[in-house]
Amino acid sequence: ARCGAPKRFPQPAAPAAAESIQGRWKLLAAEDLRADGTTARYPWGRHPAGSIVVEGTACYVQIMSTDTPSFSAAAPSPVEQMRAALLSSYIAYSGPCTIDEAAGKVTLKVDAAWRPDYVGTEQVRFFRFDNGRLIFGPAPGSIRAGDERLSRRLTLERVH
């Protein structure tokens, strides 16, 4: 080597890409779990549809039931029955978010939502990765069902 020329060292292999919540995720399952890990209920049915998108500091969550309800011709009208069912069969909210990948925490400041009372709130969600899938939800034990405290678990896969 010439005098003063930088020494060349072999470059280490690039580390595997760190798992990141950034990107688009497709919902595979939504479950409310008891403390013992058993499923207490499926909040949007057994085959929900939805996605979570995280792009930079913008977050978007949308989930719906794919179960097709049937509405009777009786009062209230089918349109009124549909409106009532919508509140329990669909959610969507979005806004700027702060992500702490190391802590597995997202704090989303809601600026648009399916329910007006969600707008302006801060929604904190926790996440981890399991075999390439994203496990996402609110704080453990934060869902109330009668006398039970449940933990909501959303399981998602990355959309390529």
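This one's a predicted model, so the numbers in the text were calculated from it and none came from an experiment.

This part covers the packing of aromatic side chains. Within this structure, the stated rule accounts for five aromatic pairs. Consider the rings of Tyr93 and Trp114, whose centres lie 6.4 Å apart with planes at 35 degrees: the pair is tilted. Within this pair, whereas Tyr93 is found in strand 5 (residues 90–100), its partner Trp114 is found in the loop between strand 7 (112–113) and strand 8 (122–130), the two being separated by 21 residues in sequence. Each residue in the set Trp25, Phe127 and Phe129 is aromatic and connected to the rest through ring pairs, giving one cluster.

What follows is about the pattern of salt bridges. Taken as a whole, this structure holds five salt bridges when the rule is applied. In this structure, the salt-bridge partner of Glu31 is Arg153, at a minimum N-O distance of 2.7 Å. A residue pair is termed long-range when its members are at least 10 positions apart, and Glu31 in strand 1 (residues 23–33) and Arg153 in strand 11 (residues 148–158) qualify at 122 residues. On the basis of relative accessibility, which here comes to 27%, the residue Arg153 falls in the partly exposed class. A salt bridge links Glu148 to Arg34, with the nearest nitrogen and oxygen atoms 3.2 Å apart. Here Glu148, found in strand 11, pairs with Arg34, found in the loop between strand 1 and strand 2 (39–41); they are 114 residues apart in sequence, far enough to count as distant.

A few words now on the pairing of strand 6 (residues 105–109). Bridge count between strand 5 and strand 6: four bridges; the pairing is antiparallel. The residue bridging Ile99 from the neighbouring strand is Val106, located in strand 6. Between the antiparallel neighbours strand 5 and strand 6 lie four residues, among them Gly104 with a positive phi of about 65 degrees. Inspection of the sheet shows strand 6 paired to strand 8 by five bridges, in the antiparallel sense.

Chain-level pLDDT for the protein is 87 on average; 86% of the residues reach the 70-or-more range. The low-confidence segment residues 9–17, where pLDDT is below 50, has zero contacts with residues more than four positions distant or belonging to other chains.

Each pocket or cavity is described by its volume, and for the largest pocket that value is around 340 Å³. Along its surface, the largest pocket is lined by 20 residues, and Trp44, Ile91, Trp114, Tyr118 and Arg152 are the ones closest to its centre. For the lining of the largest pocket, the secondary structure elements donating two or more residues are strand 4 (58–64), helix 1 (78–89), strand 5, strand 9 (133–137) and strand 11. Ranked by residues supplied to the lining of the largest pocket, first place goes to strand 5 with three residues. In terms of residue class, the lining of the largest pocket is built from 14 nonpolar, two polar and four charged.

The biggest cluster of nonpolar side chains holds 22 residues, and the ones touching the most others in it are Ile21, Ile52, Phe136, Leu154 and Leu156. Looking at this core, the elements with two or more residues in it are strand 1, strand 3 (49–55), strand 4, strand 5, strand 6, strand 9 and strand 11. Not counting residues up to four positions away in its chain, the partners in contact with Leu154 are Leu27, Ala29, Ala30, Trp44, Ile52, Ile63, Leu134, Ile135 and Phe136.

Rules of the game
- Residues numbered from 1 in each chain as written.
- Predicted model: local features only at pLDDT ≥ 70, side-chain atom pairs only at ≥ 80, totals over all residues.
- Heavy atoms only, no water.
- Phe/Tyr/Trp six-rings, centres within 6.5 Å; stacked < 30°, edge-to-face > 60°.
- Helix = DSSP H or I, 4+ residues; strand = E, 2+ residues; numbered from the N terminus.
- Salt bridge = Lys/Arg side-chain N within 4 Å of Asp/Glu carboxyl O.
- Buried < 20%, exposed > 50% of the residue type's maximum accessible area, 1.4 Å probe, protein only.
- Pairing = 2+ DSSP bridges.
- pLDDT = per-residue confidence, 0-100.
- Contact = heavy atoms within 4.5 Å.
- 1 Å grid on protein atoms, 1.4 Å probe; cavity = no way out; pocket = protein on both sides within 12 Å on 5 of 7 lines; lining within 4 Å.
- Points joined across faces, edges and corners; volume = space filled by probe spheres on them.
- Nonpolar A, V, L, I, M, F, W, Y, C, P; charged D, E, K, R; others polar.
- Core = buried A, V, L, I, M, F, W, Y, C linked by side-chain atoms within 4.5 Å.

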